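Chains, contacts and geometry: an overview
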Amino acid sequence: MPNIPRLAVGALDETTDTQPMLWALTEVLGRLGLNVQMFSSQAKFEAHDGSVVLTGQRRRHLDSWLMTADVGRELFQHGARTADLAIIEGVYDKRVDASGDDAGRRDHPQGGSFNTVCDWLDVPRLAVLDAGRLRHGFGAERPADLDGVLIDNVRDNAEACRLQTTIEALWGVPVLSTLQVLPNVRAVISGLRRGCAPSRELCRALGESLATRMRMEKLWNIASSRPLPCGQSRIFQDRVSDYPLNVAVAVDDVFQCYFPDTLDLLEARGATLCDFSPLRDDRLPRDTDVVYFGCGHPEYHAATLAGNHCMKQSLWTHVRAGGRILAECGGVAYLCEQLETEDGRHLPMAGLLPAAARVNANPSACRAVEVTLDDDTWLGEAGTRLRGYRNDGYTLEPTGLLRGHILEADHRFDLVGDNRVVASRIHLDFAAQTGLLDRFFDPLPQYSVVS
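Residues numbered from 1 in each chain as written. Predicted model: local features only at pLDDT ≥ 70, side-chain atom pairs only at ≥ 80, totals over all residues. Heavy atoms only, no water.

Let us look at the nonpolar core. Counting 111 residues, the largest nonpolar core has Phe 76, Phe 293, Leu 315, Tyr 334, Leu 335 and Phe 440 as its most contacted members. Of all the elements, helix α4 (residues 114-121) adds the most residues to this core, at five residues. Apart from residues lying up to four places away in sequence, Leu 335 is in contact with Phe 293, Ile 325, Ala 327, Ala 350, Gly 351, Leu 352, Leu 353 and Val 421. The next biggest cluster of nonpolar side chains, apart from the first, holds 31 residues, and it includes Leu 25, Val 128, Val 185 and Leu 202. (Core = buried A, V, L, I, M, F, W, Y, C linked by side-chain atoms within 4.5 Å. Buried < 20%, exposed > 50% of the residue type's maximum accessible area, 1.4 Å probe, protein only. Helix = DSSP H or I, 4+ residues; strand = E, 2+ residues; numbered from the N terminus. Contact = heavy atoms within 4.5 Å.)

Attention now moves to the sheet that holds strand β8 (residues 246-250). The strand order across the open sheet formed by six strands is β10-β8-β11-β13-β21-β20, and the pairing between neighbours is mixed. The sheet terminates laterally at β10 (272-276) and β20 (415-417), the two strands that pair on one side only. Put simply, the sheet's adjacent strands are angled 20° from each other on average, direction ignored. Where β8 lies against β10, five bridges are found, and the strand directions are parallel. Counterpart to Val 247 in the pairing with β10 is Leu 273. Sitting on the sheet, helix α10 (residues 260-268) is in contact with β8, β10 and β11 (290-293), with an inclination near 135° to β10. (Pairing = 2+ DSSP bridges. Axes fitted to C-alpha atoms, helices over the stretch in contact; angles between N-to-C directions.)

With that settled, consider the packing of helix α1 (residues 19-31) against helix α8 (residues 200-211). The description of two packed helices rests on the angle between their axes and on the distance between the axes. Between α1 and α8, whose axes approach to 8 Å, the crossing angle comes to 80°. Here α1 is positioned roughly perpendicular relative to α8, judged by the angle of their axes. For the pair formed by α1 and α8, the contact residues are Pro 20, Met 21, Trp 23, Ala 24, Leu 25, Glu 27, Val 28 and Arg 31 on the first element and Arg 200, Leu 202, Cys 203, Arg 204, Leu 206, Gly 207, Glu 208, Leu 210 and Ala 211 on the second. (Parallel < 35°, antiparallel > 145°, perpendicular 65-115°, else oblique.)

Here we come to the state of the cysteines. Evaluation of the coordinates by the stated rule reveals zero disulfides. Cys 274 carries a free sulfur, and the closest cysteine sulfur to it, the one in Cys 310, is 18 Å from it. Judged by relative accessible area, which is 35%, Cys 274 ranks as partly exposed. Of the cysteine sulfurs around Cys 336, a residue in no disulfide, the closest is that of Cys 329, at 12 Å. (Disulfide = S-S within 2.5 Å.)

A few words on the packing of aromatic side chains. Under the definition given, this model contains 12 aromatic pairs. On the basis of an interplanar angle of 50° and a centroid distance of 4.8 Å, the ring pair of Tyr 92 and Phe 114 is categorised as tilted. One end of the pair, Tyr 92, is in the loop between β4 (85-91) and α4; the other, Phe 114, is in helix α4, with 22 residues separating them in the sequence. Judged by its relative accessible area of 7%, Tyr 92 falls in the buried class. (Phe/Tyr/Trp six-rings, centres within 6.5 Å; stacked < 30°, edge-to-face > 60°.)

Within the fold, Lys 312 resides in helix α12 (residues 309-320). For Lys 312, the residues in contact, after removing those within four places along its chain, are Leu 305, Ala 306, Tyr 334, Pro 348, Met 349 and Ala 350.

Our focus in this paragraph is α1. With 13 residues, α1 should cover 18 Å at 1.5 Å per step; its first-to-last C-alpha distance of 18 Å lies within 8% of that length. The element α1 is largely enclosed, with a buried count of 11 among its 13 residues. Those residues of α1 lying buried are Gln 19, Pro 20, Met 21, Leu 22, Trp 23, Ala 24, Leu 25, Thr 26, Glu 27, Val 28 and Leu 29. (Expected span 1.5 Å × (residues − 1).)

The following block contains the structure:
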């Protein structure tokens, strides 16, 4: 098995934003001609993801709360197979897990553990420190097994040299580079709308600052210093389904958030995936069995979505003919009767769910939840346990008989719909729950498309 150079880049607490440093680092690596694959240590989506802008590839996801060590290793090897370097980001945690490969896969209110994923893959670890905090005293606790440091928000070269000397003396690890304050660039970052990626110009400015003090040879030696542990999982070698399946995946400026491993697994098992745009297209692709709406921000294009009557009619025709739909988060809002935007507008959406979706102007961070289906849906039978991250970007208000499928009362409407339409406010990574993925290929007559 070929070794995959890799780095874990993490903050010491939830309040440190590592995104500018990661964008800068990926930009510098890209200038050197390196193909970088980004991974998150939790199966949820970033508010501002620069992966596609910087690398042309979507971010992938690992999660010790959702998957076993062997599955995590297989997903990493699969996702990074064409990369020159893989970067895994997260927040170092201080909790102590029980011993064993699957120690992190247990109940935890915050979800997957960054430390556990690093242990699974034996990843060299870098910490991102904020110079603004260090000015008030060096009180940070050094993470275990640390291999290097990156410092953000330095004022000038003199401060960078002083902090480098202090950290290397106290922690005994190299400072690999520093990123300046760059007030104009930071102002642009703070003004990014939720769900919007940074521009190429912004990433170039960050990269130019980081490159001035980058110790690239030392960073590369750290990244390529360890062999990759082997895994025993074979989820990509499962049998191909005998049931032909055509999945129409909504992909455009609205719907962009999907777990790449889910799409890869669908194709590996024989499904045919076809992109379509609810913004621009007037009908679904021919012979569609399942329509898949990922998360996104329909409120930014609500008027265009509302005016595309042909697409809405095509969705209704699909369901009436026996077709199935799966929607998550932003996709749920699109399937509702109407969407209420932050400025108070009420715009008609697809109307497949008897509910109104209201944009939450200040949503809380996605949080880990585990829930139970209390009746059968095409996605799972009653009693099935689901794990994922709940998105509070929208609230649902029933306008009719909205059928909830979750047993736990405080999550009743986190998964709604009927036999044909399943709409979830919980992000579900099917690579970590392949039993749910199997249901896509369920040939039961009541779920089949009538030709």
